[in-house]
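# Descriptive structure summary
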Amino acid sequence: MKTPPKTSPKTPTETPTETLTGMPMGTPSVDVPAPRPPRESVAPPVPAAPPGTFRLATGGLSVLVPLRPLLAGAVLALLLVAVGTVCLAVGDIAVAPLDALRAAVLGSGSPRDLLVVEELRMPRIEAGITVGAALGVAGCLMQTLSGNRLATPDTVGLNNGATAFAVAGIVSSSTSLLPSATALTGAATAAVLTLALSGGAGQRGYRFLVVGLGVGAVFGAVTNLILSRARIDAANAAFAWTVGTLNSRSQTAVTVLEVGLLVCLPLAVVLGRRLNVLRFSDAVATGLGVRVRPLRVAVLLTSVVCAGLAVAVAGPLGMIALAAPEAARRLTGPGPVPVLTSALAGAVFTLLADLIGRTVMAPLEIPVGLVTAVVGGPYLLWLLLTTRTRRTP
Amino acid sequence: MTLRKTLLRGLLPASGVLLVVAVAGLLVGAGDIGPARAAEVVLGGGDADARFTVLELRLPRTVVAIAVGVALGVAGAVLQATARNPLAEPGLLGVSAGASFAVVLAIVLGASATTVAPYVAVLGAAAGCLLALGAARLRGAGDDPVRLVLAGAAFSGLMGAASSVLLLANQRAADEIRFWTVGSVAGRDTDDLLAVLPVLLLGLVVAVAVSPALSALTLGDDVATGLGHRPRRVRAAAVTSVALLVGGATAIAGPVAFVGLVVPFVARALVGPDLRRLLAVSVLLGPAVVLLADVVSRLVVRPYEMPLGVMTALFGAPVLVAVVRSSRLPAL
């Protein structure tokens, strides 16, 4: 969108009425079409930002930033920092929250604090944040893609597929065929299977989900089969994969996930802007100039990559991908697909669940996957039983 | 379909398969008593080692598998007729998970496993049943077979996670009842079976008694009332029988999913939708499926064994996909 350089960005405090005065679109001008001005002579009027948004303009480029998502993002980011600090501070060895934060950010403090915070707790929190963010994004994309808020990587069998392949990789070679790679393959396999068997993600209502349930059950059984064949130590190493835990995860997998997020997050944001249109029927979307098939494939791929890499770190961690986009949607209200907000919410939820798992039955540790299942299960049931949706065809 | 046709197309093949897998269950195992040595024992000879393996280990196991199979097959057929949903399956709807969680809870609270397990499990199964069917009556979810299954899966997941948390807290219980989290019939003996047999028999009797009224109910509540049945009572009786059967089966074998889905599915393909014929065929097919899964689970990972529940999931999940894909889904 071209804007003259002299226009200053609108401040967020502007009221909608003020911004509307500059809009020529509101006036009824259908009856007499005005003679078209020559192209280059008159600069097009600057369209004012719609209410509730804020235009960020630099030079010739401008972008509309909706305010409410921005606010929601800020709140979630603050929350993330708060929960992260508590996670750093709480544990067998208590560290004062401020000391913990200082040790984490500045790298200063007593040697004991540094050891506890930097060596023991930081990697875990890093893993939690990245896994949560990846699952949040994957869930958000998957839900929007299938037009069904129950369709998440864990309900359609992606997580189980990734787990089965990752466990197979770990058990078959002790030196580690990189779990990230195998998990990614597994997630992709499961996604393809579910999609092919259910005949597409959208327009089929719950069929997609039940087929996903079946595919997930098969992969879950395969995981158990592999574990029962494995030597006992390899099986023990792989057992953590069956519940979902952040305890002593492989640092390589976390690094791979971070790289994946660096690629996928911007991609997801870009895709998310177009995904708004996919909420309508395919015909409408096509009419609005969106090439539906490539978009669907791209969204699915991004979602699979995020979910697969996250499973490679933490195992089949359920419910995050369901709850995070839901919370994000509540916070941001109607409007664009809340990709970034979902990522933040996912990170917050994962850290919270891990914190609960570490503290509730201390010194015993409940794996984070069990916490999310126990807390998220009733929520999922409630969603299933109270929402009316389209009938299955 | 006449009785003769039912016999020919349903009962004969089912009993043939059952016979074959039952013999296979005696002959085949993960240990080093091969089929030839085991066959000698079956025919009345054999050495001491082989006799012990076959008569003390494999025979009770086979009998237990048969009992579990009958219970789960019949429970599946009854539950599907009650919910009028071809996807209604005790494992999928969370009935087994409810029973399993109840047992875990009882043992964590200090009960000893074998004595109370059947009754606690029946209570848990009844709770799971009521929740599932209650959910089905809620705001149109019952019209949507698929959503009912999703709710059941969510409930199962929740119960499973809750069991795991309880077991984490209590290592003694965890060692005692690890098998309750994945179904298996290995290592059960006839005493275990005798403890649950009354429960299973009672469930079976109720199921048979309620089946005529239940098949009238598939015509709709109004028609059934006109025919002199009382829909509420019939459903209550059906739920009771399912709870008894699944509770008993879970108490002895742990949660074994998908059997109640596969058996009525195959039986319906053989003899059509009539409930009484379905029940008759399910009584034979149920044990056949469980035994087959058990035999395969002994063979695939020799010299180890795989839990039965894993094997039935491998068999059953494709059937689930097939049922969902079939266009006649909401017709039952």
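Presented here is a report on the structure given in the accompanying data block. Because the structure is predicted, anything quoted here is derived from the model rather than measured.

### Focus on the overall build of chain A
Looking only at helices and strands, chain A has 14 helices and two strands in total. Buried residues in chain A amount to 49% of all 393 residues. Long-range contacts, defined as pairs at least 24 residues apart, comprise 73% of the intrachain contacts of chain A with a sequence gap of at least 6.

### Comments concerning the pairing of strand E2 (residues 61-66) of chain A
Working note: regular strand, side chains alternate between the two faces of the sheet. Across six bridges, the pairing between strand E1 (residues 53-58) of chain A and E2 of chain A is antiparallel. Note that in E2 of chain A the partner of Ala57 of chain A across the bridge is Ser62 of chain A.

### A closer look at the environment of Ser156 of chain B
All names here are of chain B. With respect to the element layout, Ser156 can be found in helix H6 (residues 145-169). Sequence spacing of Ser156 and Ala67 is 89 residues, and the spatial spacing of their C-alpha atoms is 23 Å. When sequence neighbours within four positions are dropped, the list of residues in contact with Ser156 reads Gly94 and Ala97.

### Section: the packing of helix H2 (residues 35-42) of chain B against helix H3 (residues 48-83) of chain B
Residue and element names in this part refer to chain B. For the pair H2 and H3, interaxial distance at closest approach is 9 Å and the crossing angle is 75°. In terms of orientation, H2 lies roughly perpendicular with respect to H3. In this structure, H2 uses Arg37, Ala38, Glu40, Val41 and Val42 to contact H3, whose residues at the interface are Ala50, Arg51, Val54 and Leu55. Among the residues making up the contact of H2 with H3, the classes are represented as six nonpolar, no polar and three charged.

### Looking at the interface of chain B and chain A
Facing 35 residues of chain B, the contacting portion of chain A comprises 32 residues. Where the side of chain B that touches chain A is concerned, the elements lending two or more residues are H6 and helix H13 (308-325) of chain B. Tallied by class, the residues present in the side of chain B that touches chain A amount to 28 nonpolar, three polar and four charged.

### A closer look at helix H12 (residues 320-332) of chain A
Side chains of residues three or four places apart in an α-helix project in the same direction, reflecting 3.6 residues per turn. Residues and elements named next belong to chain A. An ideal rise of 1.5 Å per residue puts 18 Å on 13 residues; H12 measures up with 18 Å between its terminal C-alpha atoms. The element H12 is extensively covered by neighbouring structure, given that eleven of its 13 residues are classed as buried. The set of residues buried in H12 consists of Ile320, Ala321, Leu322, Ala323, Ala324, Pro325, Glu326, Ala327, Ala328, Arg329 and Thr332. Downstream of H12 by a residue or two, Gly333 has a phi angle that is positive, lying close to 75°.

Conventions adopted
- Residues numbered from 1 in each chain as written.
- Chains lettered and ligands numbered in written order.
- Predicted model: local features only at pLDDT ≥ 70, side-chain atom pairs only at ≥ 80, totals over all residues.
- Helix = DSSP H or I, 4+ residues; strand = E, 2+ residues; numbered from the N terminus.
- Buried ≥ 20, exposed ≤ 12 C-beta atoms within 10 Å, placed from the backbone.
- Contact = placed C-beta atoms within 7 Å.
- Pairing = 2+ DSSP bridges.
- Axes fitted to C-alpha atoms, helices over the stretch in contact; angles between N-to-C directions.
- Parallel < 35°, antiparallel > 145°, perpendicular 65-115°, else oblique.
- Nonpolar A, V, L, I, M, F, W, Y, C, P; charged D, E, K, R; others polar.
- Expected span 1.5 Å × (residues − 1).

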